[in-house]
Amino acid sequence: MRTLSGGETFQASLALALALSEQLAGMSTTAASLESIVLDEGFGTLDAATLDTVAATLENLAARGDRMVGVVTHVPALAERIPVRFEVHKDARSARVERTGR
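Residues numbered from 1 in each chain as written. Predicted model: local features only at pLDDT ≥ 70, side-chain atom pairs only at ≥ 80, totals over all residues. Heavy atoms only, no water.

## Comments concerning the nonpolar core
Applicable threshold: By convention a nonpolar core is built from buried Ala, Val, Leu, Ile, Met, Phe, Trp, Tyr and Cys residues, the set being connected through side-chain atoms within 4.5 Å. The cut-offs for exposure are 20% and 50% of the maximum accessible area for each residue type, with area from a 1.4 Å probe on protein chains only; residues under the lower value are buried, those over the upper are exposed, and the others partly exposed. By definition, any uninterrupted DSSP run of H or I lasting at least four residues is a helix, any uninterrupted run of E lasting at least two residues is a strand, and each is numbered from the N terminus. Pairs of residues are marked as contacts when any of their non-hydrogen atoms sit within 4.5 Å.
Counting residues in hydrophobic clusters, the biggest one holds 13 residues, and the most contacted among them are Phe10, Leu14, Leu39, Leu58 and Leu78. Sorting the residues of this core by element identifies α1 (6-27), β1 (36-40) and α2 (48-64) as the ones contributing at least two each. If one sorts the elements of this core by residue count, α2 sits on top with five residues. Excluding residues that lie within four positions of it along the chain, Leu14 makes contacts with Leu39, Thr57, Leu58, Leu61 and Val69.

Have a look at this one:
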């Protein structure tokens, strides 16, 4: 874990979250499912190759259509590749959330 890059850490976290959701659904005595996951990407910069890998991973999950994956990110280049975003804007007294994208 200590030698993973930010993008590799993100992918490992995503893989663990997806595997855990499958295990939880399998352990349920009812037809339970975990249909959404929210991840904090946990890094502030990405090189171009890692950005493409992370974005492609998220795009592939979205294309499957069986799960919603939310990402908290501070990387503008990653945020731009996410088709639906909820952006938080704050001023000195309050904050507002704005939906952008399709």
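## Points about a nonpolar patch on the surface
Heads up, the condition is: Two distance rules govern patches: like charges are joined within 9 Å, and nonpolar side chains (Val, Leu, Ile, Met, Phe, Trp, Tyr) within 5 Å, applied only to residues with over 30% relative accessible area and no salt bridge. Residue exposure ignores everything except the shown protein chains as possible cover, and the areas themselves are Shrake-Rupley values with a 1.4 Å probe. Salt bridge, as used here, is a side-chain nitrogen of Lys or Arg placed within 4 Å of a carboxyl oxygen of Asp or Glu.
A cluster of nonpolar side chains, namely Val84, Phe86, Val88 and Val97, defines an oily patch on the protein surface of about 400 Å² accessible area. At three residues, strand β3 (residues 84-90) tops the list of elements feeding residues into the nonpolar patch. Relative to the helices and strands, Phe86 resides in strand β3. Classification of Phe86 by relative accessible area gives exposed; the value is 57%.

## Some details on the side chain of Thr100
Following the sequence through the fold, Thr100 ends up in strand β4 (residues 95-101). Residue Thr100 is classed as buried on the basis of its relative accessible area of 16%. Setting aside residues up to four positions removed in sequence, Thr100 forms contacts with Pro83, Val84, Arg85 and Glu87.

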